[in-house]
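Results of the structural survey
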Amino acid sequence: MEFSIKTSVAEKQHHHCVVVGVYEGRELSDAAQAIDALSDGYVSKVLKHGDLEGKLESTLMLHQVPGAQADRILLVGLGKKAEFKEKQYCKAVRASVKALSAISADEVLIMLAELPVGEITTRKKVSHLVETALDATYRFEAIKCKKEASEEKESKKGIKVLNIQIADVTDLAEAKSGLVDGKAIGDGVSLTKDLGNLPPNVCTPTYLAEQAQALAKTYRLTVEVLEREAMQKLGMGSFLGVAQGSEEPPKLIVLQHLKGHQDQKPVVLVGKGITFDTGGISLKPGAEMDEMKYDMCGAATVLGLFKTIAEMDLPLNVIGVIPTCENMPDGRATRPGDVLTSMSGLTIEVLNTDAEGRLILCDALTYAERFEPSAVVDIATLTGACVIALGHHATGLFSNNDSLAKELLQAGEQALDRAWHMPMWDDYQPLLDSNFADIANIGGRAAGSITAACFLSRFTKKYDWAHLDIAGTAWKSGKEKGGTGRPVPMLTEFLVSRARKSS
Ligand code: BES
Ligand code: MN
Ligand code: ZN
């Protein structure tokens, strides 16, 4: 899908479809009123028949509207005018794009970004619109057979060019920046979804490393991939303890986007990259185990984010660290009861090999110290317990620094990709006591997502750190199974506002 910005006279040009909003109570938006006037009251007549009340996300396609230049007019419900905020706006955009995805409307003019949406700027409105349109039309096509893929490409369905009408010509530059932002976020989200959706026999640690190298080449970033020997030299016994049960070689991927001031301390992002989690010797039950291909969504988030900030050319120093391997049962696999020595020197009693995420992250978090970070954020599909606590709406947020936590919470609100602040009080720490090592890798059933965060906190004492547990938000199960691309939007907002503050 291509995007372009249009100013005032666009409704007089020919389009295959023009999208206009109607508030609840059949109240026409300005754009809908203009078309109503052109058509001699045709639109309001249709509404009087009761075909569309204006309920949020409802749609009605009108054909051959008298006086209109467009082949069709799509009316979309906006809900109550007083309640029309960012979230409702995005829902209306999504409903419009979905309604158009099954028909052939190549050139579409959408007149929703000119609506007043709370206090937000034109830049934000356009950005949300583009991001939402890309999200709503995403399809996983990476490994369809060639014939089917090319047939789909040739089919005429769906929007080819989405023209975005804005109210004020003086906002043109702002709207264009919004288009760049939205496209960058949408592209990053798509990459994150693709990597998550790929089957685990394709998306291996080696594959992720190749993707990082490809990104680095396209956007001229620095990339380094550490192999097992290098990690042995660094003393990453915890990470390698997880990797040792797999035939696939582990990788530690380090990506650097250094577009800030030379002396600016970087933000380091650490992504869990378990390309398949069987549980290891503490084998998981069979049901839905296929979904454990998504256990690399933290890694995919980091890669997607790097695509986004590279496309934005964001003036900030950002470093990505991705520990990636498989968690498999094997004759050489780590056993429950084994004690591993982490890079930090802390010894870890592995009481459950299925609590492997924290074992690979802890060494990556120690490795992050060398960058003297201004903040470290890790992103991980870490615990089933987080899904029980928060469901699929909010990402779990844990931090050793309240102002960093606040920054991330606000970024999530702004990006409509929310997190919820969870406690990480010292009271929980004794749950990780071990009789045979410095620390155990599990803390029992109670407060599972908190004890997982507490485990990580033992390795993050030297810097400001936050942990995002995305077990409930990174992908959807059931009929709509697929990656969501979260929390790329939240973290983009977080980095953009850091860049704004530092300039
Ligand atoms: N990758 C899983 C967490 C997970 C499970 C995410 C289900 C999403 C859905 C993680 O490695 C894991 O297995 N965690 C265990 C920890 C437990 C053994 C303390 C869990 O949550 O059951
Ligand atoms: Mn596990
Ligand atoms: Zn896992």
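As a starting point, this report considers the structure included with it. Bear in mind that the values here come from a model prediction, so they are computed numbers and not experimental data.

Between two packed helices, the angle of one axis relative to the other and the distance separating the axes together describe the packing. At a minimum axis separation of 10 Å, helix 10 (residues 297–312) and helix 15 (residues 488–502) run at an interaxial angle of 45 degrees. Classed by the angle they form, the pair helix 10 and helix 15 counts as oblique. Considering only the axes of helix 10 and helix 15, their crossing is right-handed. Here Thr301, Leu305, Thr308, Ile309 and Met312 of helix 10 come into contact with helix 15, specifically with Val488, Leu491, Thr492, Leu495 and Val496.

By definition of the ideal shapes, four donors in a tetrahedron about a metal sit 109.5 degrees apart, and six donors in an octahedron sit 90 or 180 degrees apart. Within the protein, Lys272 (NZ), Asp277 (OD), Asp295 (OD) and Glu356 (OE) serve as the donor atoms for the zinc ion (ligand 3), at 2.0 to 2.4 Å. Coordination at the zinc ion (ligand 3) comes from six donor atoms whose angles at the metal span 79 to 177 degrees, giving a geometry best classed as octahedral. Taken as a pair, the zinc ion (ligand 3) and the manganese ion (ligand 2) show a spacing of 3.1 Å, with Asp277 coordinating each metal. With a gap of 84 residues between them, Lys272 in the loop between strand 10 (267–271) and strand 11 (273–277) and Glu356 in the loop between strand 14 (347–349) and helix 11 (357–368) connect regions that are remote in the sequence. With a relative accessible area of 2%, Lys272 lands in the buried category. By relative accessible area, which is 1% here, Glu356 ends up buried.

Around the manganese ion (ligand 2), the protein contributes the donor atoms Asp277 (OD), Asp354 (O), Asp354 (OD) and Glu356 (OE), at 2.1 to 2.2 Å from the metal centre. Taken together, the six donor atoms surrounding the manganese ion (ligand 2) define angles of 70 to 168 degrees at the centre, an arrangement classified as irregular. Counting residues between consecutive donors of the manganese ion (ligand 2) along the chain gives the motif D-x76-D-x1-E.

Calculation notes
- Sequence order sets the numbering: in each chain, residues are counted from 1 along the sequence as written.
- By the order in which they are written, chains take letters starting at A while ligands take numbers starting at 1.
- Totals for whole chains, interfaces and linings use every residue, but because this is a predicted model, local features are given only for residues with pLDDT of at least 70 and side-chain atom pairs only at 80 or more, for both listing and counting.
- In computing side-chain properties, one takes all heavy atoms of the structure into account and sets aside hydrogens as well as water.
- Angular values range over 0 to 180 degrees, each being the angle between N-to-C directions of two axes fitted as lines to C-alpha atoms, with helices fitted over their stretch in contact.
- The numbering of helices and of strands both runs from the N terminus, where a helix is a DSSP run of H or I of at least 4 residues and a strand a run of E of at least 2.
- With respect to orientation, any angle under 35 degrees is reported as roughly parallel, any angle over 145 as roughly antiparallel, any angle of 65 to 115 as roughly perpendicular, and every other angle as oblique.
- For any pair of crossing helices, the crossing counts as left-handed if the nearer helix is rotated counterclockwise from the farther one by less than a right angle, and right-handed if it is rotated clockwise.
- Residues are treated as being in contact if the distance between any of their heavy atoms lies within 4.5 Å.
- Sites may look incomplete, because water is not among the atoms used; the donor set itself consists of N, O and S atoms within 2.8 Å of the metal (3.2 Å for Na, K and Ca).
- Geometry is assigned from donor-metal-donor angles: four donors are tetrahedral when every angle falls between 85 and 135 degrees, four are square planar and six octahedral when opposite donors sit over 155 degrees apart with all other angles between 65 and 115, and any other arrangement is irregular.
- Relative accessibility thresholds used throughout: buried, under 20% of the residue-type maximum; exposed, over 50%; partly exposed, between the two (1.4 Å probe, protein chains only).

These figures capture arrangement, not role.
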